[in-house]
Amino acid sequence: RFVEDVTSGALGGSDLQQYPAAAFAGSTVREVRELLLGFEGPLLVAVGRPKGDGFSVIPNPRGDLTLEEGDHVVVLGDAAQNRRLRDRYGLSQGR
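Presented here is a report on the structure given in the accompanying data block. (Residues numbered from 1 in each chain as written. Predicted model: local features only at pLDDT ≥ 70, side-chain atom pairs only at ≥ 80, totals over all residues. Heavy atoms only, no water.)

Some points on helix α3 (residues 79–89)
In step 1: Where α3 starts, the residue carrying a side-chain oxygen 3.1 Å from the main-chain nitrogen of alanine 80 turns out to be aspartate 78.
In step 2: Where α3 terminates, the next one or two residues include glycine 90, which has phi positive at roughly 60°. (Polar contact = N/O pair within 3.5 Å; in protein donor to acceptor, adjacent residues only side chain to side chain. Helix = DSSP H or I, 4+ residues; strand = E, 2+ residues; numbered from the N terminus.)

And the structure:
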C-alpha cells in the first residue's frame, strides 16, 4: 500500500505522470534529470518508446539513453513540481 500511496497522489503527495518528450529529444536522460532538478521539477523515472501500436517502457533508464522524437517520459513529482514542468515546457499530460 505504501508504494500506491506515494505514486498515486492519494495522500496529497507525489504522483506518476506521463508527458511527450519532444522538448527533450536529442538529450540524454542524465541531461534531462539535471534540467528537472535545476528548477525543482519532478524526477524522471521511466521512458516510453514507441513500439508497434504501443510503447516499450524503460524503467529507471540509464543516464546515457538519448531521448528520441516520439518518446514519452514518466515522472514522479508533487503537484507543484509537475506544474512547473508543464508550464516551463508547455507540456500536456498523457499520450
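Quick look at the pairing of strand β3 (residues 54–59)
In step 1: Relative to β3, strand β2 (residues 43–51) runs antiparallel, the two sharing six bridges. Bridge pairing in β3 links arginine 49 to serine 56.
In step 2: Two successive antiparallel strands, β2 and β3, enclose a turn made up of two residues, where glycine 52 displays a positive phi of approximately 60°. (Pairing = 2+ DSSP bridges.)

Brief notes about the pattern of salt bridges
In step 1: Evaluated as defined, the whole model comprises three salt bridges.
In step 2: Here arginine 49 ties to glutamate 68 by a salt bridge, and the two come within 3.6 Å at their closest N and O atoms. Here the residue arginine 49 occupies a position in strand β2, and glutamate 68 occupies one in the loop between β3 and β4 (72–77), the gap between them amounting to 19 residues.
In step 3: For arginine 49, a relative accessible area of 17% corresponds to the buried category.
In step 4: In this structure, the salt-bridge partner of aspartate 71 is arginine 49, at a minimum N-O distance of 2.7 Å. Taken together, the residues aspartate 71 in the loop between β3 and β4 and arginine 49 in strand β2 connect sequence positions 22 residues apart. In terms of burial, aspartate 71 and arginine 49 fall into one category: buried.
In step 5: Each of Arg49, Glu68 and Asp71 takes part in salt bridges that share partners, so that together they form one network. (Salt bridge = Lys/Arg side-chain N within 4 Å of Asp/Glu carboxyl O. Buried < 20%, exposed > 50% of the residue type's maximum accessible area, 1.4 Å probe, protein only.)

Re helix α2 (residues 29–38)
In step 1: Every buried residue of α2 is listed here: Val29, Val32 and Leu36. End-on, the buried residues of α2 take up no more than an arc of 65°, which puts them together on one face. Away from the buried face of α2 by more than 90 degrees, exposed residues Glu34, Leu37 and Gly38 are located.
In step 2: Those residues of α2 that are buried lie in contact with β2, β4 and α3.
In step 3: Directly beyond the C-terminal end of α2, a positive phi value near 55° is found at glutamate 40. (Arc of directions from axis to C-beta. Contact = heavy atoms within 4.5 Å.)

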